[in-house]
Amino acid sequence: MLVQIYGFTDPEDVRAVADLKLDHIGVVLDEGFDTWDGVDLHTAVAILDEVPTGTTTVALSLHTDPDLVSATANALRPDIVHVARAERMPSEALAQLRVQLAPMRVMTTVAIRDTSAIDAATRVAAYSDYVLLDTAHLDTGVVGATGMTHDWTLSRQVVEAVGVPVVLAGGLGPENVAAAIRAVRPAGVDSETRTSRSDDRRRKDPERVREFVEIART
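Reading the values: the criteria
Residues numbered from 1 in each chain as written. Predicted model: local features only at pLDDT ≥ 70, side-chain atom pairs only at ≥ 80, totals over all residues. Heavy atoms only, no water. Helix = DSSP H or I, 4+ residues; strand = E, 2+ residues; numbered from the N terminus. Rg over C-alpha atoms; globule rule 2.2 N^0.38 Å. Buried < 20%, exposed > 50% of the residue type's maximum accessible area, 1.4 Å probe, protein only. Contact = heavy atoms within 4.5 Å. Lys, Arg positive; Asp, Glu negative; His and termini not counted. Charge placed at Lys NZ, Arg CZ, Asp CG, Glu CD. Arc of directions from axis to C-beta. Polar contact = N/O pair within 3.5 Å; in protein donor to acceptor, adjacent residues only side chain to side chain. Pairing = 2+ DSSP bridges. Right-handed = clockwise from strand over helix to strand, strands pointing away. Salt bridge = Lys/Arg side-chain N within 4 Å of Asp/Glu carboxyl O.

*Asks:* Give a description of the overall build of the protein chain that names residues and reports values.
*Replies:* A count of helical and extended segments in the protein chain gives 8 helices and 9 strands. Expected size for 218 residues packed as a compact globule is a radius of gyration near 17 Å; at 16 Å, the protein chain falls within 12% of this value. Expressed as lengths along the three principal axes of its C-alpha atoms, the size of the protein chain is roughly 40 × 35 × 35 Å. The proportion of buried residues among the 218 residues of the protein chain is 53%. Long-range contacts, defined as pairs at least 24 residues apart, comprise 60% of the intrachain contacts of the protein chain with a sequence gap of at least 6. In the protein chain, 21 side chains carry a positive charge and 33 a negative one; their mean positions are 3 Å apart.

*Asks:* Could you give an account of the environment of Tyr127, naming the residues involved and the relevant values?
*Replies:* With respect to the helices, strands and loops of the structure, Tyr127 is situated in the loop between α5 (116-125) and β7 (130-135). By relative accessible area, which is 21% here, Tyr127 ends up partly exposed. Between the alpha carbons of Tyr127 and Val106 there is a distance of 7.6 Å; along the sequence they are 21 residues apart. Discounting residues that sit within four places of it in the chain, Tyr127 has contacts with Ser91, Leu94, Ala95, Arg98 and Val106.

*Asks:* A description of unusual backbone geometry should follow, citing residues and the corresponding values.
*Replies:* Trans peptide bonds make up most of the peptide bonds, and negative phi angles are found at most residues other than glycine. Here the bond from Ala102 into Pro103 is cis, since omega is 10 degrees, no more than 30 degrees from zero. When you line up the elements, Pro103 lands in the loop between α4 (91-101) and β6 (105-112). With phi around 50 degrees, Arg77 is a residue other than glycine that occupies positive phi space. If you trace the backbone, Arg77 turns up in the loop between α3 (66-76) and β5 (80-83). The phi dihedral of Arg185 is positive, around 55 degrees, even though this residue is not glycine. Mapped onto the elements of the fold, Arg185 is located in the loop between α7 (177-184) and β9 (188-191).

*Asks:* Go over α3 with me, naming the residues and quoting the values.
*Replies:* All of the buried residues along α3 are Pro66, Val69, Ser70, Thr72, Ala73 and Leu76. Around the axis of α3, the buried residues are gathered within 160 degrees of arc, so they sit on the same side. Buried residues along α3 sit against β2 (24-29), α2 (41-49), β4 (56-61), β5 and α4. The N-cap residue of α3 is Asp65: its side-chain oxygen and the backbone nitrogen of Asp67 are 2.8 Å apart.

*Asks:* Kindly report on the pairing of β9, identifying the contributing residues and their values.
*Replies:* Look at any regular strand and the pattern is simple: side chains alternate between the two faces of the sheet. Residues Gly188 and Asp190 of β9 are buried on one face, and the alternating residues Val189 and Ser191, pointing to the opposite face, are buried as well. Pairing of strand β1 (residues 2-5) with β9 involves 4 bridges; the strand directions are parallel. Note on β9: the bridge partner recorded for Val3 is Val189. Sheet topology places strand β8 (residues 166-168) next to β9; 2 bridges connect them, and they run parallel. From the neighbouring strand, Val167 faces β9, where its bridge partner is Gly188. Following the backbone out of β8, through α7 and into the adjacent parallel β9, one traces a crossover that is right-handed.

*Asks:* Break down α4 for me, citing the residues and quoting the values.
*Replies:* Those residues of α4 not exposed but buried are Ala93, Leu94, Leu97 and Leu101. Viewed along the axis of α4, the buried residues span an arc of 100 degrees, placing them on a single side of the element. Exposed residues on α4 whose side chains face more than 90 degrees from its buried face are Glu92 and Val99. Next to the buried residues of α4 lie α3, β5, β6 and α5.

*Asks:* Go over the pattern of salt bridges with me, naming the residues and quoting the values.
*Replies:* Within the structure shown, the criterion is met by 12 salt bridges. Arg210 is the salt-bridge partner of Asp19, the closest N and O atoms lying 3.1 Å from each other. A residue pair is termed long-range when its members are at least 10 positions apart, and Asp19 in the loop between α1 (11-16) and β2 and Arg210 in helix α8 (residues 206-217) qualify at 191 residues. A relative accessible area of 48% places Asp19 in the partly exposed class. For Arg210, a relative accessible area of 24% translates into the label partly exposed. With a shortest N-O distance of 3.2 Å, Arg156 and Glu160 are connected by a salt bridge.

See below:
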């Protein structure tokens, strides 16, 4: 089971979980959007520099313009570029982006709202190495880093429909990751909000990360 932990905003937190040999470590570069987990370029580079050998680096972009996504990718040079708003991009733009980002791999987000997510995931999967399934906030519509779960039966249908590895996200933590894996059977699981510290959501809680990883892998 692939384990991806997102929301690192301090290199110290990467060092604190280095012994867990995480599969993926994710960082969000501040691109001018209103995100609580974004960091400036200097900090993002420092975080990625601390990622242990053998762990895959992931950098998220909220842009929908292929050239702007590529600019973020080229600034950080991660192993995987996470295109968080891929659903808003036409197929032609996704195809262009795939070419521009090579040899970096591409992860695309699909929000699970209803059965339309199956068709959306099938479309973006054609331009992706991974599809990440996330939750859309019920009130704001914001996708990702909401701390909310979604209908896992729909996620299971996506897993069965697409031909690339699916990473399940959306409100996952040590207390529910086992149930999520049993329900969805994804290739991997992702956690951000529920492995953050209770007193500072921008910092990771090493013990919650450890518990999440141990449960997911067993």
